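Listed here are the chains, written in short residue letters.
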Amino acid sequence: MKNKYLQVDPIKLRTYIDDIGYKESLILKELREETSNLGDLAIMQIGAAQGVLIEMLCSVGNFKNCIEIGVFTGYSSICIAEGMSNDGKLYALDTSIEYTEIAKKYWKKANLDKKIELIINDANSTLDKFLDDGLTDTFDFVFIDADKKNYLDYYEKSLKLLRTGGLILIDNTIWKGKVIDKDDNTSSTKSIRSLNEFVASDDRVKHSLIAIYDGMTLCMKKSKK
Ligand SMILES: C[S@@+](CC[C@H](N)C(=O)[O-])C[C@H]1O[C@@H](n2cnc3c(N)ncnc32)[C@H](O)[C@@H]1O
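Remember, predicted model here, so these are calculated numbers, not experimental data.

**Q** Is there a simple way to explain the pairing of strand S2 (residues 89-94) in this structure?
**A** Regular strands show a simple pattern: their side chains alternate between the two faces of the sheet. Judged by how many residues are buried, S2 sits mostly within the fold: 5 of 6 residues are covered. Bridging between strand S1 (residues 65-69) and S2 involves 5 bridges; their strand directions are parallel. Following the sheet pairing, asparagine 65 is matched in S2 by lysine 89. Tracing the backbone out of S2, into helix H5 (residues 97-109) and back to the parallel element strand S3 (residues 116-120) gives a crossover that is right-handed.

So, in structure tokens, the structure goes:
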């Protein structure tokens, strides 16, 4: 029987994708370079192929009302805002003034600063405020890429805020393969593993776990029956 599974060294595959798998804009390249000055923390930034995919999703959906949970130095927010409709608005949630100062500089350079509202606060509190303000069922897109221990809360609150047909995209759902290592029971691995299991059994969404970089799960909110 033919084997249709990938038989490739993941590092060679990543190099190949980085060679020909996407085109990164000059501004995003510059941002990636500046972020690399933060040392090991730079690993938090999404991959360039993810960025292009996110931009295309937001563009195809002509999204107007979006949330990003976890801004860091602003790479994914640029991709979301670039793809969104011209009159769209992205609420960018983070707790760090230091990292988001870099983000603000690049949003301006990319001429996207007017489309993005930065909210510096714990993301759970901001999402609770959106719910209290009656914004249930109003958002088109939520990108979840912050502290892993709160992923399930972010998912639940995002699903309430999302309109039918809207998308939630969750980063790091493969977690360097740790989710399938039964001996890895660190709190972040357990959080992501339980979120993955929760999503898999959640009838309110259609979902697909995409094996890109560290894994991203795309969920679409289904209509209520
Ligand atoms: C993985 S990074 C985000 C990377 C970003 N999406 C990008 O493309 O570069 C995670 C971010 O989540 C933020 N964060 C951590 N805990 C948070 C919380 N409770 N509320 C809001 N943001 C939080 C961190 O400050 C950090 O900037």
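**Q** Teacher, can you tell me more about the state of the cysteines here?
**A** Each disulfide consists of one covalent bond between the sulfur atoms belonging to two cysteines. The tally for this structure, following the rule as stated, stands at 0 disulfides. Cysteine cysteine 58 is unpaired, with the sulfur of cysteine 66 as its nearest cysteine sulfur at 5.1 Å. By relative accessible area, which is 0% here, cysteine 58 ends up buried.

**Q** Can you help me understand the sheet that holds S1 in this one?
**A** Within a sheet, neighbouring strands are paired by backbone hydrogen bonds and run either parallel or antiparallel to one another. The strand order across the open sheet built from 7 strands is S3-S2-S1-S4-S5-S7-S6, with neighbouring strands paired in mixed fashion. Each edge of the open sheet carries a strand with a single partner, namely S3 and strand S6 (205-210). Across the sheet, the axes of successive neighbouring strands diverge by a mean angle of 15°, strand direction being ignored. The strands touched by helix H3 (residues 48-60) within the sheet are strand S4 (139-144), strand S5 (162-171) and strand S7 (216-221), with S5 carrying the most contacts at an inclination of about 175°. Docked against the sheet, helix H4 (residues 75-83) engages S1, S2, S3 and S4, running at close to 170° with respect to S1.

Cut-offs applied
- Residues numbered from 1 in each chain as written.
- Predicted model: local features only at pLDDT ≥ 70, side-chain atom pairs only at ≥ 80, totals over all residues.
- Heavy atoms only, no water.
- Buried < 20%, exposed > 50% of the residue type's maximum accessible area, 1.4 Å probe, protein only.
- Helix = DSSP H or I, 4+ residues; strand = E, 2+ residues; numbered from the N terminus.
- Pairing = 2+ DSSP bridges.
- Right-handed = clockwise from strand over helix to strand, strands pointing away.
- Disulfide = S-S within 2.5 Å.
- Axes fitted to C-alpha atoms, helices over the stretch in contact; angles between N-to-C directions.
- Contact = heavy atoms within 4.5 Å.

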